[in-house]
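# Report on the structure
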Amino acid sequence: MAEMGALDPLQHAQASLLRGQITFGSRSAGATVPLLLTAAREFEPLDSDIARETYRDAFYAALTAGRVSSGPGLEEVARAARTAPPAAHPGPTDLFLDGLAVATTDGYAAGAPILRNALSTLRCGGFTAEQSLGWLPFACRMAHNVWDFDSWSGLSAKLVRLARETGTLSVLPSALLLRLANRVFAGDLDDADSLAAEAVTIGEATGSHFLAHYGALVIEPWRGRETETLRAIATITGDRTLSGEGKTLTAPQWALAVLYNGLGRYEEACAAAAKGCEYPQELGLALSSLPELVEAAARSGQRDLAVEAADRLTAICEASGTAWATGTSAAARALISEGGTADALYREAIARLESTPVRTALARTRLLYGEWLSRENHRAEARDQLARAHEILDRAGAEAFAERARRELEAAGETVRRRATGHDEALTPQEAQIARLAGEGLTNLEIGAQLFLSPHTIEWHLRKVFTKLGIRSRKQLTAVLPGGAATPA
């Protein structure tokens, strides 16, 4: 209705921006890109700061649309952003936008150092809540893309906290998913499960199937649960509202690659990972599919494919330069090497990854090294690496990879106890708190109100409590908890 009236240039730009934002929230990312590009260009002579924020949103939409975009894509957005007037008040967000544009037009190696510098500055803070909620979702994605795990961890935790504190429902779902993925890579699948439960609650309230199932798509492959993974994939790929998003093609293939590598079904993992890498411009899980492809190809006897994938991965990792990146690259090159070269590369990879919080990558590298040592008949060294890998993977709940390590350990002559269940598992502090409140007779709604959690999340925690304590009902809690049910603080 506003567009039917007489609008001055600023009002017209505002209307264009609003139309783009509405389209992104209700239709598809691909249809959003041209609208946001138009709005950004209209803002350039009027407000350079808003123009650059709009280019940021256009980048985000273009990355989300990925390969299925039928209109302007990443390169057009990048070219427009690079020729736009500088911001009236330049800061780290401008450096971030410049790095993204350079990475798109001049290549990953040119843009990655700029992005890492910008992320380091963004972590120092100094922004309003509104500015942070606008920039942090994209910053978290790019921290993953340049293998900067510390920035990804710190910024995603801040984003979730801000979204909760301000009640910004438009940002909280994506914040939870960004944090969830970070926790998976950190080897904390229990925390990821809790975040997924919260995302499911929001998805049920807003009618978003994506929110309800994307968490499972990221978590279940690591647990080695094929049925649950395939169910999540079917739900996401069958959702027509997501048909304009390239990640619905890439993410399922990455998930299948992780799943089948964990289960030791390498040919299936190789086929999935190869599809996941088809459109590297999407970054994210397209990049994460490369290590999966190297492992699957090497283990399925497709050496040429493994070498080609390792070369691509090495070029990206060297441009990043982080310990996570260089450790991952060394592990990939070890998979395609032999003898003393392979041994030295595995040791280098482990040394680099030990200095990072990326426990899944470290554990899987120890697993690969242990398997290699077993084949080289270095049984004592193999048992040491496999035992360390099993400990991390078992504690994380990465069941399929832990089982791979357990089988290799038994083949090397060492008996390994399967993952503890029931009374052998200790409650986390949050689980103990919820259990005590439930034992006092509080309902899930009352517990959730007290702890600022949804009833769905409380129910999820109580299911885990019952499993760990070996009970079936709330009535049994007072009998099994130490000291009975405590009065809530």
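Preceding block: the structure.
Residues numbered from 1 in each chain as written. Predicted model: local features only at pLDDT ≥ 70, side-chain atom pairs only at ≥ 80, totals over all residues. Heavy atoms only, no water.

Along the backbone of the chain there are 25 helices and zero strands. Burial status across the chain gives 54% buried among its 489 residues. Long-range contacts, defined as pairs at least 24 residues apart, comprise 63% of the intrachain contacts of the chain with a sequence gap of at least 6. Per element, the accessible surface of the chain, about 21000 Å² overall, is 52% carbon and sulfur. (Helix = DSSP H or I, 4+ residues; strand = E, 2+ residues; numbered from the N terminus. Buried < 20%, exposed > 50% of the residue type's maximum accessible area, 1.4 Å probe, protein only. Contact = heavy atoms within 4.5 Å. Areas by Shrake-Rupley, 256 points an atom, 1.4 Å probe, with all protein chains shown as cover.)

We now examine the nonpolar core. By size, the foremost hydrophobic cluster in this structure holds 133 residues, and its most contacted members are Phe59, Phe96, Tyr108, Leu180 and Trp324. No other element matches the nine residues that helix H9 (residues 172-185) contributes to this core. With sequence-adjacent residues up to four places away left out, Phe96 is seen in contact with Leu115, Ala118, Leu119, Leu122, Trp135, Phe138, Ala139 and Met142. Ile434, Leu462, Phe466 and Leu481 belong to the second largest nonpolar core, which has 15 residues in total. (Core = buried A, V, L, I, M, F, W, Y, C linked by side-chain atoms within 4.5 Å.)

The next subject is the side chain of Ser151. Turning to its location among the elements, Ser151 is positioned in helix H8 (residues 149-166). According to the relative accessible area criterion, Ser151 is buried, its value standing at 1%. Look past the residues within four positions of Ser151 in its chain and what remains in contact with it is Leu119, Arg123, Ala143 and Ser156.

Before going further, it helps to examine empty space enclosed by the protein. Per the stated rule, a full pass over the model turns up two cavities of 30 Å³ or more. When its volume is computed, the largest cavity comes out at roughly 380 Å³. Around the largest cavity, the lining is made up of 27 residues, and of these Pro291, Glu292, Thr328, Ala361 and Arg364 lie nearest the centre. Within the residue set of the lining of the largest cavity, elements represented by two or more residues are helix H7 (129-145), helix H13 (247-263), helix H15 (285-299), helix H17 (323-335) and helix H19 (359-375). When the residues that make up the lining of the largest cavity are grouped by side-chain class, the tally is 16 nonpolar, eight polar and three charged. Each pocket or cavity is described by its volume, and for the second largest cavity that value is around 40 Å³. Every residue along the wall of the second largest cavity is listed here: Thr93, Leu122, Phe127, Gln131, Ser132, Trp135 and Leu136. By residue class, the composition of the lining of the second largest cavity is four nonpolar, three polar and no charged. (1 Å grid on protein atoms, 1.4 Å probe; cavity = no way out; pocket = protein on both sides within 12 Å on 5 of 7 lines; lining within 4 Å. Points joined across faces, edges and corners; volume = space filled by probe spheres on them. Nonpolar A, V, L, I, M, F, W, Y, C, P; charged D, E, K, R; others polar.)

Considering all chains together, one arrives at 13 aromatic pairs under this definition. Arranged with centres 5.6 Å apart and planes meeting at 80 degrees, the rings of Phe149 and Trp152 form a pair that is edge-to-face. Of this pair, Phe149 and Trp152 both sit in helix H8, three residues apart, which is roughly one turn of the helix. With a relative accessible area of 4%, Phe149 lands in the buried category. The side chain of Arg141 reaches across the aromatic face of Tyr60, ending 4.6 Å from its centre. (Phe/Tyr/Trp six-rings, centres within 6.5 Å; stacked < 30°, edge-to-face > 60°. Lys NZ or Arg CZ within 6 Å of the ring centre and 35° of its normal.)

Applying the stated rule across the entire model yields 33 salt bridges. Salt-bridge contacts for Asp98 lead to Arg52; the nearest nitrogen and oxygen are separated by 3.0 Å. In this pair, Asp98 is assigned in helix H5 (residues 92-105) and Arg52 in helix H3 (residues 48-65), connecting sequence segments 46 residues apart. Residue classification places Asp98 among the partly exposed positions, given a relative accessible area of 35%. Residue Arg225 pairs with Glu220 through a salt bridge whose shortest N-O separation is 3.6 Å. With a relative accessible area of 31%, Arg225 lands in the partly exposed category. If you follow the salt bridges from partner to partner, you end up with Asp190, Asp193, Arg223, Glu431, Lys464 and Lys468 in one network. (Salt bridge = Lys/Arg side-chain N within 4 Å of Asp/Glu carboxyl O.)

The next thing to look at is the packing of helix H6 (residues 108-123) against H7. The N-to-C vectors of H6 and H7 enclose an angle of 130 degrees; their axes lie 10 Å apart at closest approach. Taken together, the axis directions place H6 and H7 in an arrangement best described as oblique. As for the relative orientation of H6 and H7, their crossing is left-handed in sense. For the pair H6 and H7, the contacting residues are Tyr108, Leu115, Leu119 and Leu122 in the first and Ala139, Met142, Ala143 and Asn145 in the second. (Axes fitted to C-alpha atoms, helices over the stretch in contact; angles between N-to-C directions. Parallel < 35°, antiparallel > 145°, perpendicular 65-115°, else oblique. Left-handed = near helix turned anticlockwise from the far one by under 90°.)

Taking 1.5 Å per residue, 16 residues should reach 22 Å; H6 reaches 22 Å between its end C-alpha atoms and fits that length. Within H6, the full set of buried residues consists of Tyr108, Gly111, Ala112, Leu115, Ala118, Leu119 and Leu122. Down the axis of H6, the buried side of the element spans an arc of 135 degrees, and every buried residue falls inside it. At its buried positions, H6 is contacted by H5, H7, H8, H15 and helix H16 (303-320). (Expected span 1.5 Å × (residues − 1). Arc of directions from axis to C-beta.)

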